[in-house]
Amino acid sequence: MSLKDLLSPFFVWQRAFEKPWTNMRPIEERPGAPAYRGFHINLADSCIGCGSCHTICQNEAIDMVPVEEFSGRPGDSGLRPRFDYGRCCWCALCVDICTANSLHMSNEYTWLARDPTDYHFTAGVEEKPWQDSELGYHRAEGYHLYPPKRIDMDMLTADESVQSFDEVVNGYSEEQAKLEADRCVECGICVATCPAHMDVPDYIRSIRDGDFETGLQLMYRTNPFPATCGRICTHRCEEVCPVGITGQPIAIRWLKRFIVDQVDSIDYARILDSEIIENGHKVAVIGAGPGGLSAAYYLRKKGYSVTVYESQETGGGMLRYGVPSYRLPDDALDKDIDYIISVGVDIRYNTIIGKDVMFEDLLGEYDAIFLSTGLSVPSSMRINGEDHPRVLSGLQVLADVARGKDPGIGRKVAVIGGGNVAMDAARVSRRLGADVDILYRRRISEMPADPEEIKESQEEKCNLVEKAIPVEIMDTGSKKQVTIKWGEAEMVQDPKGGRPRPVLQEDRMHTETYDCIISAIGQGSNLDFITPAVQEQLAIEWGKFTPGEYQRSELEKIFVGGDVANRTADAISAIEDGHHAARGIDRFLKPGAYAEN
Amino acid sequence: MNTVDEILDYAIEQEQQAADFYAELALRAEKAGMKQVLLDFADEEMSHKKRLLAVKNGKHELTPEEEVLDLKISDYLVEVDATDDISYQDALIIAMKRERAAYELYTDMAANIPDSHLKEVITGLAKEEAKHKLFFESEYDDRVLMDN
Ligand SMILES: Cc1cc2nc3c(=O)[nH]c(=O)nc-3n(C[C@H](O)[C@H](O)[C@H](O)COP(=O)(O)OP(=O)(O)OC[C@H]3O[C@@H](n4cnc5c(N)ncnc54)[C@H](O)[C@@H]3O)c2cc1C
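Here we summarise the structure given alongside this text. Keep in mind the model is a prediction, meaning the values are calculated, not measured.

### Details of the site of the ligand
All names here are of chain A.
Okay, so step 1: Lining the immediate surroundings of the ligand are 35 residues, of which Ile232, Glu310, Met318, Arg327 and Asp563 lie closest.
Okay, so step 2: Taking Glu310, its side chain carries an N or O atom lying 2.6 Å from an oxygen atom of the ligand.
Okay, so step 3: Measuring from an oxygen atom of the ligand, one finds a backbone N or O atom of Ala571 at 2.9 Å.
Okay, so step 4: When isolated, the ligand has an accessible area of 990 Å², and the protein chains bury 93% of it.
Okay, so step 5: Taken together, the elements giving at least two residues each to the shell around the ligand come down to helix 14 (290-301), helix 15 (318-321), helix 18 (394-402), helix 19 (420-431) and helix 22 (571-589).
Okay, so step 6: Classifying every residue of the shell around the ligand by side-chain character gives 17 nonpolar, 13 polar and five charged.

In C-alpha cells, the structure reads:
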C-alpha cells in the first residue's frame, strides 16, 4: 500500500464541508405530453359505479370499493373504482369503456410515497393534486367501445297502427337481438333497479350465447310474466342503464321479449319444470292479476296447494281488461298464464269474493291468504252533468274492447286525463275510427303516462290539449252527443314546494261538443268484500294497504300486494309483491325452515 | 257580532263544530281506512281552533294582507252527502266546500263593514279559511287528481 492510499481517507474529510453533488431530483422535471396517459381522474359525482372499468381491466388493477357518500343514490351502485398502480399498465381501456364518461387520465406521472400501499387509490374520492388537471388522456368525442345507438325496433307506422289492433312492435330478429345484446356492459345496475331484481345481464348474455332456454330459466326465477313484461313493462331498468348516459340504453325490455318469443310454450315444462313436493298447506289468492298469479306460481313451486279466486271470466286482471292488445296481445299474456296454470294453480273464475264466496270463509278454510285485487273503481270527476249517458269511463271502454264489444264511442271523442289509462283509451278510440282530443289539467311534461305512450298517441294523431280543466258537462238535446265546458289553467308555483299547481282561469272558458267523453282521471280500490271487523284491524290509507315486511298485513294470515298495496301501480311491482309475499307466507307457515337464518 | 272578541268566539266555535262533524262522521264511516282520514280532518280543525285561540289571547296575529293561492277546485265540484259509506274523494270535497263557505262568509262580512280593526280581523279570518281551503284542495290535487 502506498502512502497516498494510506492517507486518502483523511483527504476525503476535506470534501465533507463542500456543497453536495447529489441532486434531490436528478432529472429536469418534464411535464407529460398533453394527452399523456397518466394518473386517473374520476368525476366521482358523475360516476355511477357501473364497474365497466373493473371488468375490462386486463391487469386486474381496478377494484370497485364502497364509498359511503354515494351509497343509496338511485341508479348508482355506491361503488367507485380503486386503482392499484403496481398493476396498471396505463392502457386507458378503462377510460374508453367508461359509460358515464367520468373517468379520464391526467398527464401527471410522478408520485413519491414511502408506503407502497399509497399507490392504491380511489380516484375522485381521495384528494390528489391532479384531480382538476385539464390535460391528459380523454376519450375522443364520439368514440365508443360499444355502439351507443340501440338497434332500431321494427314497428308499424302510426298510419298503419291506427288501422287495426295488431301489435305495434314487431320484435327483434335473432341477428338484431344479438347485436343489441352485444352493447350490454354487464354492470348489473339494472338488477338493483328492477322491482323484481331480474337477472338482466345474464339473460342478455344467454342471447349472445344463443342459449335461450337458459335465458328463460333465469327470467322465471323472479318473474313468471316474461312475455308480458317483455312488451309492456315500465322498464325502469332502462332508465338507469349506464349505456344510456352517453348513448341509448340497452333495449332490455325488447331483449326479454325476444327470448320468450324464441321458446315454444310446448317446451316450457321441459325447460322450467322442477319437482313439486306437496307440503300440505293451503293458500287462497284473491285476484288473478299479475300480483295474484305471481304469488300463486311461486307458492305452488314451494309445494302449496293454491286456489285463486277471480271475479272475471279469465285471468290477467288489468293486463287483460286494461292494456289494449296492440301493446299486449292476448296470446302473449296467455303464454304466461297458461304456464302458471300448468304447474297446478287452480283458478276459480267468475267467483266474486264477498258475494259468491265470503271472505270470512276463506279465513277459516285456508292457512294464508294473499290479496291482490287491484284498482278497479274509476274515479269520478264530480263535476256537474257527469252522469250524462255519453260520459263513459276509460276502464269500461278498454274492457269492452278487450271483450270484443263495441263501446259505442262515436266519431268525435274527448278523453279526460293524462295517465296510461287515458292514453290507452285515446289510442283505442283512434283505432275505432274517432277523432280524439285529450284534455289534461297540467302540462304535457307533467303527464303521469309513460313518455313512450304520450309520444305514440301524438303520432297516432290524438290531439293533446294541455292545461285544460273540465268544469261542466252539458246536455245537447241529442242522445248521441254531449258538450263539455273546460277552462284554461295557469301553472302556479305551490308556496309549499312540490309540483306546480294548475289554477283555473275563469275568464278563459271553452265549450266543445263530442259524441262521447271518456273520463280516465284515475282509479281506486274496492275493499268492500272485506268485512268491517277485519278492515278495522288492517292499516289502510287512502284505499291502499300499507304492508309490512314480506307484504304482510296486520293480521298474520293475510298478505297483500299489487296495485292495491304499492305506489308504483305497474305490472312488475305487482309481480314482485306476489313473489315477495310467497316467500313471506312460506316463512310464516314453515317457521322451522328459516330458524337458522 | 260587533266586537273582535265576539267574532273570534264565533270563528272558534265554528272550528269546534267542524271537528265534531268529522269526529261524528268517523264513528259512522264504513269504508276501509276512512275513520282515520276523518279523525285526521277533525285534528286539522282542532289545530285551526288552537290557532284562533292563540289569536284571541294575543299570542298569534292574523295576516289580513297575505295573498293566498286559490286553486278554485271546489268551486266547480258538485255537492256530496256525508253518508256512512263516504269515500276519500267525497270527504275531501266536503272539507273543501266547508272551508270555501267559511271563506265566503267572512269575505262578505268584511265587505259590509267600514274600515276598522274589526274589519281587519274578519279579513284575517277569511285569509285563514282560504289557507284551509288551499290545504284541502292541494290534498285533492295530489291524491284524487293524480292522473288528471
Ligand atoms: C289501461 C291500463 C294500462 C296499463 N298499462 C301498463 C303498462 O303499460 N305497463 C305496466 O307495467 N302496467 C300497466 N298498467 C298497470 C297494470 O295493469 C297493473 O299494475 C297490474 O295489472 C296490477 O296487478 P294487480 O294484480 O295488482 O291487480 P289487477 O291486475 O287489477 O288484478 C286484480 C284482479 O282481482 C280481481 N278482483 C278484484 N276484486 C275481486 C273480488 N272481490 N273477488 C274476486 N276477484 C277480484 C279483478 O277482477 C282482477 O282480475 C296498466 C293499467 C291499465 C288500467
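### Side note on the pattern of salt bridges
Residues and elements named next belong to chain A.
Okay, so step 1: Per the stated rule, a full pass over the model turns up 61 salt bridges over all chains.
Okay, so step 2: For Arg257, the salt bridge is made with Asp261, and the minimal N-O distance between the two is 3.2 Å. Of this pair, Arg257 and Asp261 both sit in helix 12 (residues 252-262), four residues apart, roughly one helical turn.
Okay, so step 3: We classify Arg257 as buried; its relative accessible area is 4%.

### Some thoughts on the sheet that holds strand 17 (residues 501-514) of chain A
Residues and elements named next belong to chain A.
Okay, so step 1: If you walk across this open sheet you meet the three strands as 15-16-17, and the pairing is antiparallel. With one partner strand each, in any of the chains shown, strand 15 (468-475) and strand 17 form the two edges of the open sheet. Each adjacent strand pair in this sheet contributes to an overall mean axis angle of 20 degrees, direction not counted.
Okay, so step 2: When strand 16 (residues 482-492) meets strand 17, the two strands line up antiparallel, connected through 10 bridges. Across the sheet, residue Glu490 finds its bridge partner in strand 17, namely Val503.

### Quick notes on the environment of His138 of chain A
All names here are of chain A.
Okay, so step 1: For His138, the position within the fold is in the loop between strand 5 (120-122) and helix 4 (158-161).
Okay, so step 2: We classify His138 as partly exposed; its relative accessible area is 34%.
Okay, so step 3: Once the C-alpha coordinates of His138 and Leu103 are considered, the two residues, 35 residues apart in sequence, prove to be 8.1 Å apart.
Okay, so step 4: His138 has contacts with His104 and Met105, leaving out every residue within four places of it along the chain.
Okay, so step 5: Among the polar contacts listed, one links the side chain of His138 to the side chain of His104, at a separation of 3.4 Å.

About the thresholds
- Residues numbered from 1 in each chain as written.
- Chains lettered and ligands numbered in written order.
- Predicted model: local features only at pLDDT ≥ 70, side-chain atom pairs only at ≥ 80, totals over all residues.
- Heavy atoms only, no water.
- Near = heavy atom within 4 Å.
- Polar contact = N/O pair within 3.5 Å; in protein donor to acceptor, adjacent residues only side chain to side chain.
- Areas by Shrake-Rupley, 256 points an atom, 1.4 Å probe, with all protein chains shown as cover.
- Helix = DSSP H or I, 4+ residues; strand = E, 2+ residues; numbered from the N terminus.
- Nonpolar A, V, L, I, M, F, W, Y, C, P; charged D, E, K, R; others polar.
- Salt bridge = Lys/Arg side-chain N within 4 Å of Asp/Glu carboxyl O.
- Buried < 20%, exposed > 50% of the residue type's maximum accessible area, 1.4 Å probe, protein only.
- Pairing = 2+ DSSP bridges.
- Axes fitted to C-alpha atoms, helices over the stretch in contact; angles between N-to-C directions.
- Contact = heavy atoms within 4.5 Å.

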